[in-house]
Structures are given as C-alpha cells and as structure tokens.
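# Structure assessment
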Amino acid sequence: IFAVRNNGGITTCGCFFGAVTQISSEIPQKFSIEQNYPNPFNPVTNIQFSLPKKGFVKLAVYDALGREVIQLVNQQLQPGTYEVDFDASNLPSGIYYYTLIAGYSSPLIRKTKKMVLIK
C-alpha cells in the first residue's frame, strides 16, 4: 500500500494517520512531548507535543531496530500544543519509538518515547 504524506513524500508501510492538529495556541513555557495514549495500543494511539517557539518539526516513528517506519509530522509549526493520531493497523505487534525533533535552536531539540503495539 502506498500513501502520499502531506509533505509530498510517499510511504509504503501501509500506516495511516490523521493530520497534525493544533489543540491550543497558548504558548507553552517549554518544549515537550507527552507519552502516547493509550499505551499499549491497538491499533490507534494519540501523541501530543508542545512548542514554545515557531520552528521546523519532525515527528517520526521507528521500529525496535531503529528503522524509520513513518514520518507523522515534517513541517514548520507555530508555537502551541498539537496532537496527531497514529494508526498502526498494518504493522506487527511490538515495541516502537517516536522521536520529536524541533529545529529552532542549535543544537536541535530531540526527545524520544517508547510505545507498545499489541494486536
């Protein structure tokens, strides 16, 4: 299965996800990424993150071997709090990691969390 991402890229994992949604325009005090909910999940989970400054953001999911499975966000975002749904219907059960990278400072800000898909 092929899917065109909102940034024009193509994914072949068969995973589908909702667009990133800004849930608050209030400027947070710090950069953060929340634990996905629910966790463990089957097959959809929600990831929330907060940005104190405008900047380029990448949110990607990786398998246990460190291979990128999909990019959920890859775009410039305004300050605020966001959420994105990740649908892993076509992935096998296992441990996955999601990493949020914000490119508005040097060095880049990077945070990673673990999630578990149980089918």
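This write-up is about the structure you can find in this document. (Residues numbered from 1 in each chain as written. Predicted model: local features only at pLDDT ≥ 70, side-chain atom pairs only at ≥ 80, totals over all residues. Heavy atoms only, no water.)

What follows covers the side chain of Thr99. Its place among the elements puts Thr99 in strand E10 (residues 94-102). Using a relative accessible area of 8% as the deciding quantity, one classes Thr99 as buried. Polar side-chain contacts of Thr99 include one of 2.8 Å to the side chain of Thr112. When near neighbours in sequence (up to four residues on either side) are disregarded, Thr99 contacts Lys58, Leu59, Ala60, Tyr62, Arg110, Lys111 and Thr112. (Helix = DSSP H or I, 4+ residues; strand = E, 2+ residues; numbered from the N terminus. Buried < 20%, exposed > 50% of the residue type's maximum accessible area, 1.4 Å probe, protein only. Polar contact = N/O pair within 3.5 Å; in protein donor to acceptor, adjacent residues only side chain to side chain. Contact = heavy atoms within 4.5 Å.)

What follows is about the pattern of salt bridges. Where charged atoms from two side chains of opposite charge approach closely, those side chains can pair. Considering all chains together, one arrives at two salt bridges under this definition. Between Glu68 and Lys58 there is a salt bridge, with its nearest N and O atoms 3.1 Å apart. Of the two residues, Glu68 is situated in strand E8 (residues 68-77) and Lys58 in strand E7 (residues 55-62); the sequence distance between them amounts to 10 residues. For Arg67, the salt bridge identified is with Asp63, shortest N-O distance 2.7 Å. (Salt bridge = Lys/Arg side-chain N within 4 Å of Asp/Glu carboxyl O.)

Before going further, it helps to spend a moment on unusual backbone geometry. The omega torsion of the bond from Asn39 to Pro40 falls at 0°, within 30 degrees of zero and hence cis. In this structure, the amide linkage connecting Asn42 to the following residue, Pro43, adopts the cis form with an omega of -15°. Examined against the element boundaries, Pro43 turns out to sit in the loop between strand E5 (32-33) and strand E6 (44-51).

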